[in-house]
Amino acid sequence: MKGNTVMSSYVGPAVDAILAEAISNTIRFLSADGVQKAGSGHPGMPMGCADIATVLMTRILRIDPKDTKWFNRDRFVLSAGHGSMLLYSMLHLWGILPMEELKQFRQWGSRTPGHPEATEVPGCEATSGPLAAGFATSVGMALAERMLAERYNRPGDEVIDHFTYVIMGDGCNMEGLSQEAASLAGHLKLSKLIAIYDDNEISIEGSTDLAFTENVNARYEALNWAVQDIDGHNRDAVTDAILTAQNQTDRPSLIVAHTTIAKGAPTKAGTAASHGEPLGEEELLAAKQGLDWPSEDFYVPAEVYEYFEQRKGELIGLRKKWNSSLAALAKTDAEAAGQIKRLAARKLPDGWEDAMPTFEPDEKGLATRASGGKVMNAFGEVIDELVGGSADLAPSTKTEIKSGKWANFVAPGSYAGRNIHFGVREHAMGNIVNGLALHGLVPFGATFMVFHDYMRPAVRLAALQRCRSIFIYTHDSFYVGEDGPTHQPVEHFAALRAIPRLHLVRPCDANEVAQAWRYAIGRNNAPTALALTRQNLPTLDREKYASAEGLFKGGYILSDEPGAEILLIATGSEVHLALEVAVKLRDGGRKVRVVSMPCLELFGEQTIKYRKAVLPPSLTKRVVIEAGIRLGWGDILGRKGIFVGRDDFGNSAPQKVLVKHYGFTAEAVMEKIAKAKF
Ligand SMILES: Cc1ncc(C[n+]2csc(CCOP(=O)(O)OP(=O)(O)O)c2C)c(N)n1
Ligand SMILES: [Mg+2]
């Protein structure tokens, strides 16, 4: 079954024109009132998009207001996140957000934050605000829908079948990210993705003519999108355009909706003055008068509430029909139905951890990118929802799932695989991974560590919205060698550790890699980044050294002896250097403890008792070894500790030469210790 042949267009019953106008004005003025009361916010966008929102709410979106997490709901993402009051007004009319919340817009403890936050606002699908991020995330959601549809739909029981709608503004289209994301969506023919472009020709500094004169329509057409131009205030035109878009079978759709920012405001409509500050009492009152609207704040006509009560009934009816389809599928294909229920509940398959491989001790060992590939494949055998890919580096990052179910690449119009060619589009990849995660999959995205910079905003958003996104960063240090400083990360560990909630895990050998993957997959409320090497690393003998399961505490004692007086702490590839140094120190009669610290942030979350047991405060002779900058190690180093790292960019030269020049040899570290004032 080809994924893009399954289509079910949907347009709900028409609404009386006078009522529709009242709904538009309700949304328009609830939004403007919310901003006015808060004393800050963005009234222009919601006022300009109120007619589009009315169509979406009355005729298009299939959601269940009583169960905002219904698995097959249409996804609606507000990429122009500054227009958050538009979303909140909609959520209020659906009965999801109480009026009190609209009155508390942007206030402490409210569920109406300045920009939409998926974790804080019921019914909000994605955190948005950084322009174009919501759009790129919606590409991930649309892709997830197709992937799941091809896996689990059976003729007659098409239980995965929804559209993904996104409203984007001029700012989203100016951002390079939208280009990356649209390019991939067009390539993949994600025909159930429908973007509505709020083309109001205004952004903060004034007319878009100041900086944005490209032909957006032609650009999207070139990217294999179906493009329509409409008057965004003509609700019939909006409805027709969406219906046309729903019936596209081989391309995503861009509906270029020409709108007037702050429509209805007598002097500020069509101007940048309405973009990001309250209209002002006088202008707001005049706008209400001009549209024959009561001056009362937060006014909702009784007929509008009544209409939505009835509309909710229709939507719940659609939901019930879906429940019956799922029940029917359970009879014909219990496994498929079971998987859908499991995904909807965000539960991993029973016993998944048993799939974790273990690795025998091996002096030559293998690169952690290579063991990473093996471990990922092993977990892939039992976790169907483990999906992802690389930004055109899979042969290097070793991130292809080669066996098990669905072990091929998704392709345009054919989505039954689990591997994704993201192309050289790191930023879009990050957001698409988040979109896949928000849809219930367990996704990964891979590239070289140094190119984390190209996708950093998406990693931050993964953490902010608590996505179980797994970011794989290989070639994690200057050990990449000849490619030189452009490809040698130095500040990246520190940069990743700086992102709240994100955990950076840098395993030291194949068994720590296995535990790192187990940790990342099991971590269902935040993203994890894995730092993996290009170069081979020995696989430690865990009879001789402590179990790699210690990774679950972030850091653990790998090798110890009674009365240890020197503490060596290292991550990833440098753990082996620490062990070498330990041998030399012991040969010289010193007593040494070696700590493997694969995840500094996780270690920081352990009890004081545990942390003191691993790093006793009295043990001040400390050496930290990590092939990166010192930033972040201060607490552990204390006043006396020595840091063996790399605080400047690298150089282009063979690895062996760099190791010598940078002092990453046991001899060099011994020398530093000898000179230390401990
Ligand atoms: C990545 C990013 N850069 C800058 C901003 C700040 N910002 C918020 S809205 C905006 C202008 C957006 O213009 P447009 O999308 O046309 O919105 P409109 O003025 O039409 O509401 C800017 C620059 C942002 N939110 N995200
Ligand atoms: Mg604009």
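Only a predicted model underlies this, so the values are computations on that prediction, with no experimental measurement involved.

Scoring rules and cut-offs
Residues numbered from 1 in each chain as written. Chains lettered and ligands numbered in written order. Predicted model: local features only at pLDDT ≥ 70, side-chain atom pairs only at ≥ 80, totals over all residues. Heavy atoms only, no water. Buried < 20%, exposed > 50% of the residue type's maximum accessible area, 1.4 Å probe, protein only. Helix = DSSP H or I, 4+ residues; strand = E, 2+ residues; numbered from the N terminus. Pairing = 2+ DSSP bridges. Donors = N, O, S within 2.8 Å, 3.2 Å for Na, K, Ca; no water. Axes fitted to C-alpha atoms, helices over the stretch in contact; angles between N-to-C directions. Parallel < 35°, antiparallel > 145°, perpendicular 65-115°, else oblique. Left-handed = near helix turned anticlockwise from the far one by under 90°. Contact = heavy atoms within 4.5 Å. Nonpolar A, V, L, I, M, F, W, Y, C, P; charged D, E, K, R; others polar.

**Here's the deal with the pairing of strand β9 (residues 386-390)**
Of all five residues in β9, five are buried; the element is thus mostly enclosed. By the alternation rule, side chains of β9 split into L386, G388 and S390 and V387 and G389, which are all buried. In the sheet, β9 pairs with strand β10 (residues 419-421) via three bridges, with the strands oriented parallel. Pairing of G388 across the sheet is with N419, part of β10.

**A look at the coordination of the magnesium ion (ligand 2)**
Donor atoms from the polypeptide that bind the magnesium ion (ligand 2) are D170 (OD), N200 (OD1) and I202 (O), placed at 2.1 Å. Relative accessible area serves as the criterion here: at 12%, I202 is assigned to the buried category.

**A word on the packing of helix α1 (residues 17-38) against helix α2 (residues 44-60)**
At their nearest, the axes of α1 and α2 sit 8 Å apart, and the two run at 130 degrees to each other. If you check the angle between α1 and α2, you find them oblique. Read as a crossing pair, α1 and α2 show a hand that is right-handed. Contacts from A20, I23, S24, I27, R28, F29, S31 and A32 of α1 reach α2 at P46, M47, A50, D51, A53, T54, M57 and T58. For the contact of α1 with α2, a count of residues per class yields 10 nonpolar, four polar and two charged.

**Topic: the environment of A181**
Examined against the element boundaries, A181 turns out to sit in helix α7 (residues 176-187). Along the chain, A181 and A136 lie 45 residues apart, while their C-alpha atoms are 5.2 Å from each other. With residues near it in sequence (within four places) discarded, A181 still touches F135, A136, V139 and A428.

**Focus: the sheet that holds strand β12 (residues 470-474)**
An order of β10-β9-β11-β12-β14-β13 is seen for the six strands of this open sheet, with the pairing classed as parallel. Edge strands, defined here as strands with exactly one partner in the open sheet, are β10 and β13 (503-505). With direction set aside, neighbouring strand axes in the sheet form an average angle of 20 degrees. Contacting β9, β11 (442-448) and β12, helix α13 (residues 368-382) runs over the sheet at an angle of about 150 degrees to β9.

**Some points on the sheet that holds strand β7 (residues 253-258)**
What the five strands build is an open sheet, ordered β1-β2-β3-β7-β6; its pairing is parallel. The sheet terminates laterally at β1 (75-78) and β6 (226-231), the two strands that pair on one side only. Each neighbouring strand pair of the sheet contributes to a mean axis angle of 20 degrees, computed without reference to strand direction. Note: strand β3 (residues 193-199) against β7, six bridges, orientation parallel. Considered in β7, the bridge of I196 is made with I255.

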